[in-house]
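A structural walkthrough
Below are the chains, spelled out letter by letter.
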Amino acid sequence: MSTPPKKKQPPKLRSVQAPKLRASRAVQNQHQRWLIWFGVAALTVAIGISAFALQRGDSKPALAPIQGLPATPDYHSLSVSPREASRILLGTHQGIFASDDGGRVWRFQALSGHDAMNLARPSSSTLWTAGHNVLAKSTDGGKTWTTVQPRGLPSLDVHGFASDPGSGTLYAAVAGEGLYYSTNGGTSFSLVSQDVGGAVMALAVKSNGSILAGDMQRGLLESRDGGKGWRQILRAQLAGLAINPRDPQRIVATGPGILLSTNGGKTWSQTLKLDQGAGPVAWAASKPNMAYVVGFDQAFYRSDDGGLTWQPVS
């Protein structure tokens, strides 16, 4: 396990004007290595999914508590307890891990061998996870899970999954297929769009019902009509999205480092440069200025000022 990097002063914020449909050239140039790595990793998974599935099944996660992030092939998703900011769930290629101390120590919790690419929390005790051939629901905060096989989804290869905080509508981005929605708690899904969803790796829904989709080919897209029409608001390949539950104008996006918008996605600033990129991200509802991000440098980062600055957890 790599040692978390020393604390660095965050770079001066550089605004990115989203309405011009382009990110700053500096942000793009600084992260070409991350984009190449992400594309190669995605291609490897697509070609060798059977081999990875066998490997995950044969290699069970350690049950003893682990200091620092667990050593797993990939980190995919985060969810923070709405009542306790130090209680966190981490979705990985090998299942779900839990931390009770803000990410310093982790222990394996559930779904051994399952690829938990997404964690969505419609309510304080209800959680959903979705990924490569897995869709499951928990009603006890993630301790136990029940497999769900809804009608209407063309497959369970779900790369993006999110819940509307207002209506409770569930959205599932199925790889190579499109975006689907459910208004009956996941019993059945219906197609929203075949144009958007097939290449989505990050999905989030604002309190007003607007949908944000991080498409690996087209950048960050927004729909204000339930997924029928879309517009690009940022040119960047994103691996994670999180909307602040108390301030929906404040959004953190990950991929080429950590990006922050304080006006609902109109403009973006890079708040932490990470050459290897970043993935899972989540806000702490009980402490609205606190957020967590998993870096692909195997460091776990925390912000205490609304995403403006980040420090590795030690």
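Each chain has its residues counted from 1, running along the sequence as written. The predicted nature of this model means local features are confined to residues of pLDDT at least 70 and side-chain atom pairs, given and counted, to a pLDDT of 80 or more, with totals for whole chains, interfaces and linings taken over all residues. Hydrogens and water are ignored here; the side-chain numbers use all heavy atoms of the structure.

1. A word on the sheet that holds strand E18 (residues 231-234)
Definition in use: At least two DSSP bridges between two strands are needed for those strands to be called paired. The secondary structure listing takes helices from DSSP runs of H or I that are at least 4 residues long and strands from runs of E that are at least 2 residues long, numbered from the N terminus. Helix axes use the C-alpha atoms of the stretch in contact, all axes being lines fitted to C-alpha atoms, and the angles between their N-to-C directions lie in the range 0 to 180 degrees.
If you trace the four strands from one edge of the open sheet to the other, you get E15-E16-E17-E18, paired in antiparallel fashion. Either end of the sheet is taken by a strand with one partner, and the two such strands are strand E15 (200-205) and E18. For this sheet the average axis-to-axis angle between neighbouring strands, irrespective of direction, equals 30°. Two strands pair when backbone bridges link them, and E15 and strand E16 (residues 211-215) are joined in this way by five bridges, in the antiparallel orientation. Bridge pairing links Ala 204 to Leu 212 in E16.

2. Concerning the pattern of salt bridges
Note on pairing: side chains with opposite charge can pair once their charged atoms come close. Stated precisely, the cut-off is as follows: One speaks of a salt bridge when a side-chain nitrogen belonging to Lys or Arg is within 4 Å of a carboxyl oxygen belonging to Asp or Glu. Here the term buried applies to any residue with accessible area under 20% of the maximum for its type, exposed to any over 50%, and partly exposed to those in between, with areas from a 1.4 Å probe on protein chains only.
Applying the stated rule across the entire model yields ten salt bridges. One salt bridge in this structure joins Asp 100 and Arg 87, with 4.0 Å as the shortest N-O distance. Here Asp 100 is found in the loop between strand E5 (95-99) and strand E6 (105-110), whereas its partner Arg 87 is found in the loop between strand E3 (75-80) and strand E4 (88-92), with 13 residues between them in sequence. Ionic pairing is found between Asp 195 and Arg 218, a salt bridge with its closest N-O pair at 3.3 Å. In this pair, Asp 195 sits in the loop between strand E14 (190-193) and E15 while Arg 218 sits in the loop between E16 and strand E17 (219-223), placing the two residues 23 residues apart along the sequence. Its relative accessible area of 54% is what places Asp 195 among the exposed residues. Owing to a relative accessible area of 32%, Arg 218 belongs among the partly exposed residues under this scheme. Ionic contacts of the salt-bridge type, sharing partners, join the residues Glu 84, Arg 87, Asp 100 and Arg 107 into one network.

3. Re the confidence of the model for the chain
What counts is decided by this rule: Along the chain, pLDDT gives the predictor's confidence residue by residue, from 0 to 100. We call two residues in contact whenever any of their non-hydrogen atoms come within 4.5 Å of each other.
The share of residues in the chain with pLDDT of 70 or more is 81%, and the mean pLDDT across the chain is 85. In the model, residues 1-58 has pLDDT below 50 throughout and makes 85 contacts with residues more than four positions away in sequence or in other chains.

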